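Inside the fold
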Amino acid sequence: MEPKLSDYKTEVHNDWCPGCGDFGIVSAIQMALTEMKIPRHKAAIFSGIGCSGKTSHFINVFGIHTLHGRVLTFAQGAKLANPEMTIVVAGGDGDGLGIGAGHFVAAGRRNVDMTYIIFNNAVYGLTKGQASPTLQLGLKTKSLPQPNVNQSVNPIGLAIASGFTFVGRGYSYDVRQLKDLIIAAVKHKGLAFLDVLQPCPAYNDINTRDWFAGLGNIDQTTRKSQPRIYKLEDTGYDPVVNYGSEEEVNEKLTQALIKANEWDAKIPTGIFYQNELIAPYEQRIADRIPNYLENPPAGQPISSGGKPITDISKILDSLEV
Ligand code: SF4
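Everything quoted here is computed from the prediction, not taken from an experiment.

Attention shifts here to the site of the ligand. The environment of the ligand is formed by Trp 16, Cys 17, Cys 20, Cys 51, Asn 121, Gly 125, Gln 198, Cys 200, Pro 201, Ala 202 and Tyr 203. Placement of the ligand is best described as lying within the largest pocket. The class makeup of the residues in the shell around the ligand is eight nonpolar, three polar and no charged.

Right, here's the structure in full:
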């Protein structure tokens, strides 16, 4: 029987704040899994630490709530052990771009076939609203005693520079577009990154839902406010690398970086860059270990007749002091 949307929902109590953008992201992930008809036992959600960390509790597939900044390491290990699994990774901007920044860059170099979604609200919501790596220099959200003294990280630019082969951005209150982006990211052969703008009504009183909708963004010609968010696909933007020539790749990377730097009056969403011509990490392993994909670690027997087939006594003996 085909899975239904309700199959991916859990009964776990949700204590996110009313109006939090996190709700839209969880809904979009559930809708995407439903539309792709991915069996629950073939999907796993890994989450880091922060408000977004609870995501793995709210989606009824395998759920693994991991350590602060380390979520990508767990997820990559699981995918390499069992390449058949659909792996979605969820984490906050502080989790992934602060303490986890080194793993973010290393993951980009590997290009393991999975999807990483950052819930980007520019604050550490779970710990009462400190400035996260994506809060812009000089902004003073309501929890800060002084304006932010650090420059912000550009998640899209960092993902492109790190080697992610699919880079996109969604908005948590546009669930339909976000669902489509998640489907495209999961179908992508390689590591996909989605930067999801996620208003935190509790602690970020600057980048609010009204702000994204255009509050204070006055068009100088019409004198009317205009939405900040727009969709790249509505502009004829083409993110896909088709041939892989140096000239084409440079052109696609350059246009993506230019779009990554758009902010404030106009904020692009959609797919910025996609290149499936770079081999995923799994394929690189298979090129060295020919039967890796047919016989991955998770598929290998570990016991026979109820007894482990591996004798580790020699290793234990060698550790004796
Ligand atoms: Fe959402 Fe912010 Fe509340 Fe966390 S603190 S649940 S991010 S609104």
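We now examine the packing of helix H3 (residues 71-81) against helix H5 (residues 101-110). Remark: H3 packs on H5, axes separated minimally by 9 Å, with the N-to-C direction vectors making an angle of 30°. Considered as vectors, H3 and H5 are oriented roughly parallel to each other. Here the hand of the crossing between H3 and H5 comes out left-handed. Only His 103, Phe 104, Ala 107 and Arg 110 of H5 make contact with H3, whose side of the interface consists of Leu 72, Thr 73 and Gln 76.

For the rest of this paragraph, the subject is the sheet that holds strand S3 (residues 86-92). If you trace the eight strands from one edge of the open sheet to the other, you get S2-S1-S3-S4-S8-S7-S10-S9, paired in mixed fashion. Looking at which strands have only one partner, the edges of the open sheet turn out to be strand S2 (62-65) and strand S9 (229-231). Pairwise comparison of adjacent strand axes, ignoring direction, gives a mean angle of 20° for this sheet. The sheet contact formed by strand S7 (residues 166-171) and strand S10 (residues 267-274) spans four bridges and is antiparallel. Along S10, the bridge assignment pairs Val 167 with Tyr 273. Together, S3, strand S4 (115-120), S7, strand S8 (192-197), S9 and S10 form the strand contacts of helix H7 (residues 175-187), whose direction differs from that of S7 by roughly 165°.

Attention now moves to the packing of aromatic side chains. Under the counting rule described, the total for this entry stands at 11 aromatic pairs. Residues Phe 104 and Tyr 116 carry aromatic rings whose centres are separated by 6.1 Å and whose planes lie at 55° to one another, so their mutual orientation is tilted. Of the two residues, Phe 104 sits in helix H5 while Tyr 116 sits in strand S4, which places them 12 residues apart along the sequence. Judged by relative accessible area, which is 0%, Phe 104 ranks as buried. On the basis of relative accessible area, Tyr 116 is assigned to the buried category, the value being 1%. Ring geometry for Trp 211 against Phe 212: centres 5.0 Å apart, planes inclined by 80°, an arrangement best described as edge-to-face. Classification of Trp 211 as buried rests on a relative accessible area of 12%. Seen from the ring of Tyr 173, Arg 209 lies directly overhead, with NZ or CZ sitting 3.9 Å from the centre.

Nonpolar side chains collect at one region of the surface, where Ile 312, Ile 315, Leu 316 and Leu 319 lie side by side and expose about 410 Å² of accessible area between them. Note that Ile 312 resides in the loop between strand S12 (307-308) and helix H11 (313-318).

About the thresholds
Residues numbered from 1 in each chain as written. Predicted model: local features only at pLDDT ≥ 70, side-chain atom pairs only at ≥ 80, totals over all residues. Heavy atoms only, no water. Near = heavy atom within 4 Å. 1 Å grid on protein atoms, 1.4 Å probe; cavity = no way out; pocket = protein on both sides within 12 Å on 5 of 7 lines; lining within 4 Å. Sits in = over half its atoms within 2 Å of the grid points. Nonpolar A, V, L, I, M, F, W, Y, C, P; charged D, E, K, R; others polar. Axes fitted to C-alpha atoms, helices over the stretch in contact; angles between N-to-C directions. Helix = DSSP H or I, 4+ residues; strand = E, 2+ residues; numbered from the N terminus. Parallel < 35°, antiparallel > 145°, perpendicular 65-115°, else oblique. Left-handed = near helix turned anticlockwise from the far one by under 90°. Contact = heavy atoms within 4.5 Å. Pairing = 2+ DSSP bridges. Phe/Tyr/Trp six-rings, centres within 6.5 Å; stacked < 30°, edge-to-face > 60°. Buried < 20%, exposed > 50% of the residue type's maximum accessible area, 1.4 Å probe, protein only. Lys NZ or Arg CZ within 6 Å of the ring centre and 35° of its normal. Patch = residues over 30% accessible without salt bridge, like charges linked within 9 Å, V, L, I, M, F, W, Y side chains within 5 Å. Areas by Shrake-Rupley, 256 points an atom, 1.4 Å probe, with all protein chains shown as cover. Salt bridge = Lys/Arg side-chain N within 4 Å of Asp/Glu carboxyl O.

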